[in-house]
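# Residue-level structural notes
So the chains spell out like this:
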Amino acid sequence: MTKQDAIDFFKTQQGVADALGIKQSSVAEWGEYPPEPRQLQLHRITAGRLRAEQSVIEKFGEPKLEQAA
């Protein structure tokens, strides 16, 4: 996923930050792609609707998905 994919999903950088429990300024500092641990976290909390880059999954394994509420 790209940073923009995450923003589109959560509507704003603040929405992404809130979902991850971090500051909006941290999201603003990301490059084109979220850092690997954040990709995995986003993959997990969106139940795979946002998917980590394949190279990240190969490096760390498929994240365990959270159940939809």
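Look up: the structure comes first, before these words.
Residues numbered from 1 in each chain as written. Predicted model: local features only at pLDDT ≥ 70, side-chain atom pairs only at ≥ 80, totals over all residues. Heavy atoms only, no water.

### Looking at unusual backbone geometry
In the Ramachandran plot, K11 falls in the positive-phi region, its phi being about 80 degrees despite a non-glycine side chain. Tracing the backbone through its elements, the reader meets K11 in the loop between helix 1 (3–10) and helix 2 (13–20). The residue A47 is not glycine, and still its phi comes out positive at about 55 degrees. Turning to its location among the elements, A47 is positioned in the loop between helix 4 (36–45) and helix 5 (54–60). (Helix = DSSP H or I, 4+ residues; strand = E, 2+ residues; numbered from the N terminus.)

### Notes on helix 1
Within helix 1, burial applies to K3, A6, I7 and F10. For helix 1, the arc enclosing every buried residue in end-on projection is 100 degrees, short of the 170-degree limit, so these residues lie on one face. On its buried side, helix 1 packs onto helix 2, helix 3 (24–29) and helix 4. Just past helix 1, the residue K11 takes up positive phi, approximately 80 degrees. (Buried < 20%, exposed > 50% of the residue type's maximum accessible area, 1.4 Å probe, protein only. Arc of directions from axis to C-beta. Contact = heavy atoms within 4.5 Å.)

### Remarks on the packing of aromatic side chains
The description of two aromatic rings rests on the distance between their centres and on the angle between their planes. Enumeration over the complete set of coordinates arrives at one aromatic pair. A ring pair is formed by F9 and F10, whose centres lie 4.8 Å apart and whose planes are at 70 degrees; its orientation type is edge-to-face. Since its relative accessible area comes to 30%, F9 is described here as partly exposed. (Phe/Tyr/Trp six-rings, centres within 6.5 Å; stacked < 30°, edge-to-face > 60°.)

### Observations regarding the nonpolar core
One broad rule of soluble globular proteins: the nonpolar side chains tend to lie buried together. Of all hydrophobic cores here, the largest spans 12 residues; its members are M1, A6, I7, F10, V16, A17, L20, I22, V27, W30, L42 and L50. Looking at this core, the elements with two or more residues in it are helix 1 and helix 2. (Core = buried A, V, L, I, M, F, W, Y, C linked by side-chain atoms within 4.5 Å.)

### A closer look at the packing of helix 1 against helix 2
Axis separation between helix 1 and helix 2 bottoms out at 7 Å; the angle between their running directions is 90 degrees. Comparing their axes, helix 2 and helix 1 come out roughly perpendicular. Of helix 2, the residues touching helix 1 (which contributes K3, A6, I7 and F10) are Q13, G15, V16 and A19. (Axes fitted to C-alpha atoms, helices over the stretch in contact; angles between N-to-C directions. Parallel < 35°, antiparallel > 145°, perpendicular 65-115°, else oblique.)

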